[in-house]
Amino acid sequence: MSRSKRHKKPAYARRNRHADIMRLMKQSSGETSVQTALKRVLNAVNATGFLADLQRRAPATRHMHGPKQVHGDAWAGVVVWMKGTGYYGYKTLTLIGVWVIQQDDDAYTLLVGTRHLPYTAPFYSAEAYFHQIKRDFRRYYEGDVSPPSNALYRGIYTPEKRLAIRERIQTTLTAWRKTLNSSTSL
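None of these values were measured; they are calculated from a predicted model.

(A) Geometry of the overall build of the protein. Secondary structure summary: the protein contains six helices and five strands in total. Ordered by position from N to C terminus, the α and β elements of the protein give α-α-α-α-β-β-β-β-α-β-α. Relative to its full complement of 186 residues, the protein shows a buried share of 38%. Across the protein, contacts joining residues at least 24 apart in sequence account for 58% of those joining residues at least 6 apart. Of the roughly 11,700 Å² of accessible surface on the protein, a fraction of 51% belongs to carbon and sulfur atoms.

Spelled out as structure tokens, the structure:
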């Protein structure tokens, strides 16, 4: 019998270890019940799916990346991001996203909107920028990613109206993409 087989833990011990690791990860994430409820609303309206579809269907002249989850104390959202066109297009990043805000215990407001973030890194290195921007935008852009005040769509979420809200979000994102296709710059 080889040495590795004698000291290998039984399968049930490995499963328990995996469950312990997952439990510890969940505890250390600091996610509250409010955040869980907000993410559940975003999931119910398929926000990530719609934004991933928007990112895949972006015009070839635009560099769009994401989606990524963002959150605050009483809000959560999913965003995709893209830089402007042209040589100095990196100076402003455009976020398009779906945000949910908790109004009361069971009242949620859904928003679809855009935000513009300025480039805040001390210098610009194109190679590093294009490598990192695909994964995350926060290394180069700092600013407010909370729900925008000028929303393209704003509505109250109720589980009974979930399908109608999903359709409205998809329609809003499609209309925004069509304006993006027809415009030359942001």
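(B) Layout of the packing of helix 4 (residues 47–56) against helix 6 (residues 162–182). Taken N-terminus to C-terminus, the directions of helix 4 and helix 6 make an angle of 20°; their axes are 10 Å apart at the nearest point. The orientation of helix 4 with respect to helix 6, classified from their angle, is roughly parallel. When the axes of helix 4 and helix 6 are compared, the crossing they make is right-handed. Together, F50, L51 and L54 of helix 4 and R166, I169, Q170, L173, W176 and R177 of helix 6 make up the contact between the two elements. When the residues that make up the contact of helix 4 with helix 6 are grouped by side-chain class, the tally is six nonpolar, one polar and two charged.

(C) Structural context of the side chain of T109. Inspection of the secondary structure assignment puts T109 in strand 4 (residues 108–118). At 3.0 Å, the side chain of T109 and the side chain of Q103 are in polar contact. In this view, T109 contacts W99, V100, I101, Q103, R154, G155 and I156; residues no more than four positions away in its chain are not counted.

(D) Main features of the nonpolar core. Counting 29 residues, the largest nonpolar core has L110 and I169 as the members making the most contacts within it. Listed by contribution, the elements that provide at least two residues to this core are helix 3 (33–44), helix 4, strand 2 (75–83), strand 3 (92–102), strand 4, strand 5 (151–157) and helix 6.

(E) Local environment of the pattern of salt bridges. This model, assessed by the stated rule, comprises four salt bridges. Here D53 ties to R56 by a salt bridge, and the two come within 3.8 Å at their closest N and O atoms. On the criterion of helical spacing, the pair formed by D53 and R56 is a turn pair, its members being three residues apart in helix 4. Three or more residues are tied together by salt bridges with common partners; here these are D53, R56 and R57.

(F) Structural context of helix 4. Three or more residues of helix 4 are buried, namely A47, F50, L51, A52 and L54. In this structure, the buried side of helix 4 is in contact with helix 3, strand 1 (64–71), strand 2, strand 3 and helix 6.

(G) Structural context of the packing of aromatic side chains. A complete count under the given rule lists 12 aromatic pairs for this structure. Centre to centre, the rings of Y124 and Y129 are 5.3 Å apart; their planes meet at 55°, and the pair counts as tilted. A relative accessible area of 0% places Y129 in the buried class. Three or more aromatic residues link up through ring pairs in this structure, and these residues are Y90, Y119, Y124, Y129, F130, Y140 and Y141.

(H) Representation of unusual backbone geometry in the model. For the bond running from G66 to P67, omega is 0°, close enough to zero to count as cis. The backbone phi angle of N46 is positive, close to 60°, even though this residue is not glycine. As for its position among the elements, N46 is in the loop between helix 3 and helix 4. Exposure remark for N46: the relative accessible area of 26% places this residue in the partly exposed category.

Rules and cut-offs
Residues numbered from 1 in each chain as written. Predicted model: local features only at pLDDT ≥ 70, side-chain atom pairs only at ≥ 80, totals over all residues. Heavy atoms only, no water. Helix = DSSP H or I, 4+ residues; strand = E, 2+ residues; numbered from the N terminus. Buried < 20%, exposed > 50% of the residue type's maximum accessible area, 1.4 Å probe, protein only. Contact = heavy atoms within 4.5 Å. Areas by Shrake-Rupley, 256 points an atom, 1.4 Å probe, with all protein chains shown as cover. Axes fitted to C-alpha atoms, helices over the stretch in contact; angles between N-to-C directions. Parallel < 35°, antiparallel > 145°, perpendicular 65-115°, else oblique. Left-handed = near helix turned anticlockwise from the far one by under 90°. Nonpolar A, V, L, I, M, F, W, Y, C, P; charged D, E, K, R; others polar. Polar contact = N/O pair within 3.5 Å; in protein donor to acceptor, adjacent residues only side chain to side chain. Core = buried A, V, L, I, M, F, W, Y, C linked by side-chain atoms within 4.5 Å. Salt bridge = Lys/Arg side-chain N within 4 Å of Asp/Glu carboxyl O. Phe/Tyr/Trp six-rings, centres within 6.5 Å; stacked < 30°, edge-to-face > 60°.

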